[in-house]
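Fold and contact review
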Amino acid sequence: ENKCSPAIWLLNTMKFSMPGQFAINTQEGTVYYWPVLASRDISDVSVPTASPLISLRSSKEPIKHVSFIGLDFVHGNRVSLEQGDAGGIQHDWAMLQSTNALVTLQGVSDIVISSCSFRNSGGGGVRGDGFVQNVTITNNTFEYLGYEAVGIYGMGLGLTQVTLGNSVLNNDISRTALVKFDSPSIVLWNAAHT
């Protein structure tokens, strides 16, 4: 119906049809890649191995007053679903309490993320889960991400895991949802006054 193009994505096959495709054989520990460039130069090929790159997490007193200004966050891996994950939000756009982003926040307050770049990652850019208060995400660039650029996920309207007072302002967001095609660019879930 011309709603999705291409209609089928076949991943991790050795039947390459065009430059830029790759396959990974985990048993051999080998990546097979057909370079996009006519020169076949693969000196700039990278394979992500970690995600998140930075994680601020506290289950007791919140982590407070941390700023990330003018940093580049690149080449994070996508985090697969695991048994025991908290479950997904509506239509499984995203999983709750996941580490599927370059920067993850949980149990934080008064955090600033400004003038940073989040790009070339299989997961998302920034995500906050549970107790996330007064986080400001502003003037950043988000591009070439597998999932959402920014996700703020509250854990219900309770007394202990209250997510409120967060700001997502003036960010340049393009080319997201490259892995999970129905991921919104920004997700605000049970996030009061955000």
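Refer to the structure presented above.
Further remarks concern the sheet that holds strand β8 (residues 117–121). Strand pairing in a sheet relies on backbone hydrogen bonds. The paired strands run either parallel or antiparallel. The 4 strands lie next to each other as β5-β8-β11-β14, forming an open sheet whose pairing is parallel. Across the chains shown, the open sheet's two edge strands, defined by having one partner strand only, are β5 (72–74) and β14 (172–174). This sheet shows a mean twist of 10° between the axes of neighbouring strands, independent of strand direction. Sheet topology note: the β8/strand β11 (residues 141–145) ladder contains 4 bridges and is parallel. Bridged to Phe118 within β11 is Phe142.

Here we take up the nonpolar core. Nonpolar side chains in soluble globular proteins tend to be buried together. Among the nonpolar cores identified, the biggest contains 21 residues, and Leu105, Ile113, Phe118, Val126, Ile137 and Phe142 are the most heavily contacted of them. Within the residue set of this core, elements represented by two or more residues are β6 (101–106), β7 (108–114), β10 (132–138), β11 and β12 (150–153). What Phe118 contacts, discounting residues up to four positions off in sequence, is Phe73, Leu102, Val103, Ile113, Gly125, Val126, Asn140, Thr141, Phe142, Glu143 and Leu145.

Applying the stated criterion across every chain yields a total of 3 aromatic pairs. A ring pair is formed by Phe68 and Phe73, whose centres lie 6.4 Å apart and whose planes are at 75°; its orientation type is edge-to-face. An identical accessibility class is assigned to Phe68 and Phe73; each is buried. With 4.8 Å between their ring centres and 10° between their planes, Phe118 and Phe142 make a pair best called stacked. On the criterion of sequence distance, the pair formed by Phe118 in strand β8 and Phe142 in strand β11 is long-range, its members being 24 residues apart. When its relative accessible area of 0% is taken as the criterion, Phe118 is described as buried. An aromatic cluster is present here, built from Phe68, Phe73, Phe118 and Phe142 joined pairwise through their rings.

Rules used in this analysis
- Residues numbered from 1 in each chain as written.
- Predicted model: local features only at pLDDT ≥ 70, side-chain atom pairs only at ≥ 80, totals over all residues.
- Heavy atoms only, no water.
- Pairing = 2+ DSSP bridges.
- Helix = DSSP H or I, 4+ residues; strand = E, 2+ residues; numbered from the N terminus.
- Axes fitted to C-alpha atoms, helices over the stretch in contact; angles between N-to-C directions.
- Core = buried A, V, L, I, M, F, W, Y, C linked by side-chain atoms within 4.5 Å.
- Buried < 20%, exposed > 50% of the residue type's maximum accessible area, 1.4 Å probe, protein only.
- Contact = heavy atoms within 4.5 Å.
- Phe/Tyr/Trp six-rings, centres within 6.5 Å; stacked < 30°, edge-to-face > 60°.

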